[in-house]
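A closer look at the structure
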Amino acid sequence: MGVKTETFVLLSLLIVGGGHSTPVTWSDRIALQEQGQVGQPSASGPYETSWELVNVSGLVSGSYHDAWVIYPSGTEASDKTFPLLSFAHGKDAGGTALKPSYTTILEAAASFGFVIIAPRSCPEHYCTNFYKDQLQCITAAKEGLASTGLESVDWSKSVGIFGHSMGGAATMISAGKDGYDIAAAFFLHPYYTVHAEDIKVPAVHGTGSSDQICPAEEVKNGFDANPFYPKVFAEIEGATHLEPNSSGGRNKHRWDAYVPRLFMCHLNGDSDACDLIYGSTSDSLCYTDIEMTDCEVSVGGTGDRNDWA
């Protein structure tokens, strides 16, 4: 077990010395619902966002050798710097399909003050080395890609990574790699979880009870195999595999508010954001009015698992 030395005070209190938080129980959640105290945090941050396509050398997954950069823009973002996130798309959702497939979740995350780089490589089929492109984008950005958006990256802060489906599996591999200053990872309906035992950063394992492509039980297996704390398993009731995607009438974008909060917590040291991921406030992930089939928070040490189901 371990955490970066920059880890915020809240989690230090939970982890150091084998501490653990108050158990999250189903009865607690029901009580909050009955009192009308359960809600959801906003999925829209204070910044406008812009998109920019940049060339990236060294990508290995074929066809496209570029990436979208989504970044805070407008008057509010002027003269400010922001942490970098690297996003990995799902199978058959690269190339020209990436932007329409993920506009909603990427713009939501960027609006909270993050620069996101998302490789368009691997437009079709399954690419087992796609994680290399996710990591190469971090390296290329730091080495100075010509990009308006990347000029506003704050390199004094760590990097976050997230991905969906094939990209969720790629992100899981990336989360075990050293040398990229990665501080947190969000796995959205990851396709494979065979590298979960190598994870070295705090992570959220997100899935849905109606995901028939990457079944929830497989994602749960990855959560159980993940040795690093803190970690969260969240299974949204009725969510399909395409919950993170922009298109489709059944996609309710229920992850959009929580993806940026994980990174606000671990990259920015925002204690309120930490509460929304790991805590028991009325709009925290395991207490929100988003119906959950299962939601577990593990912070490490004696009695480390706190769950309801």
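Residues numbered from 1 in each chain as written. Predicted model: local features only at pLDDT ≥ 70, side-chain atom pairs only at ≥ 80, totals over all residues. Heavy atoms only, no water.

On to the state of the cysteines, then. With the rule as written, the count across this model stands at three disulfides. With its sulfur 2.0 Å from that of its partner, C122 forms a disulfide with C127. Handedness of the C122-C127 disulfide follows from its S-S torsion of about 95°: it is right-handed. Taking relative accessible area as the criterion, C127 reaches 15% and is therefore assigned buried. Taking only the cysteines that form disulfides and numbering them from first to last, the protein chain has the pattern 1-2, 3-4, 5-6. (Disulfide = S-S within 2.5 Å. Buried < 20%, exposed > 50% of the residue type's maximum accessible area, 1.4 Å probe, protein only.)

Glancing now at the pattern of salt bridges. Scanning all chains against the criterion turns up six salt bridges. A salt bridge links R254 to E243; its shortest N-O distance comes to 3.0 Å. Of the two residues, R254 is situated in the loop between β8 (231-236) and α7 (258-268) and E243 in the loop between β8 and α7; the sequence distance between them amounts to 11 residues. Exposure class is identical for R254 and E243. Each is buried. Each member of the salt-bridge network shares a partner with another, and the members are K220, D224 and E296. (Salt bridge = Lys/Arg side-chain N within 4 Å of Asp/Glu carboxyl O. Helix = DSSP H or I, 4+ residues; strand = E, 2+ residues; numbered from the N terminus.)

The amide bond that connects Y229 to the next residue, P230, takes the cis arrangement and shows omega of 0°. With a phi angle near 55°, C122 is a residue other than glycine that sits in the positive phi range. You can see C122 is positioned in the loop between β4 (115-119) and α4 (130-143). Overall, the relative accessible area of 0% leaves C122 in the buried class. Its identity is not glycine, yet H189 carries a phi of approximately 50°, on the positive side. Along the polypeptide, H189 turns up in the loop between β6 (182-188) and β7 (203-208).

What follows covers the side chain of T193. Counting through the fold element by element, T193 comes out in the loop between β6 and β7. By relative accessible area, which is 15% here, T193 ends up buried. Only 3.4 Å separates the side chain of T193 from the backbone oxygen of E218, close enough to count as a polar contact. Once residues lying within four places of it in the same chain are set aside, the contact partners of T193 are M172, E218, V219 and G222. (Polar contact = N/O pair within 3.5 Å; in protein donor to acceptor, adjacent residues only side chain to side chain. Contact = heavy atoms within 4.5 Å.)

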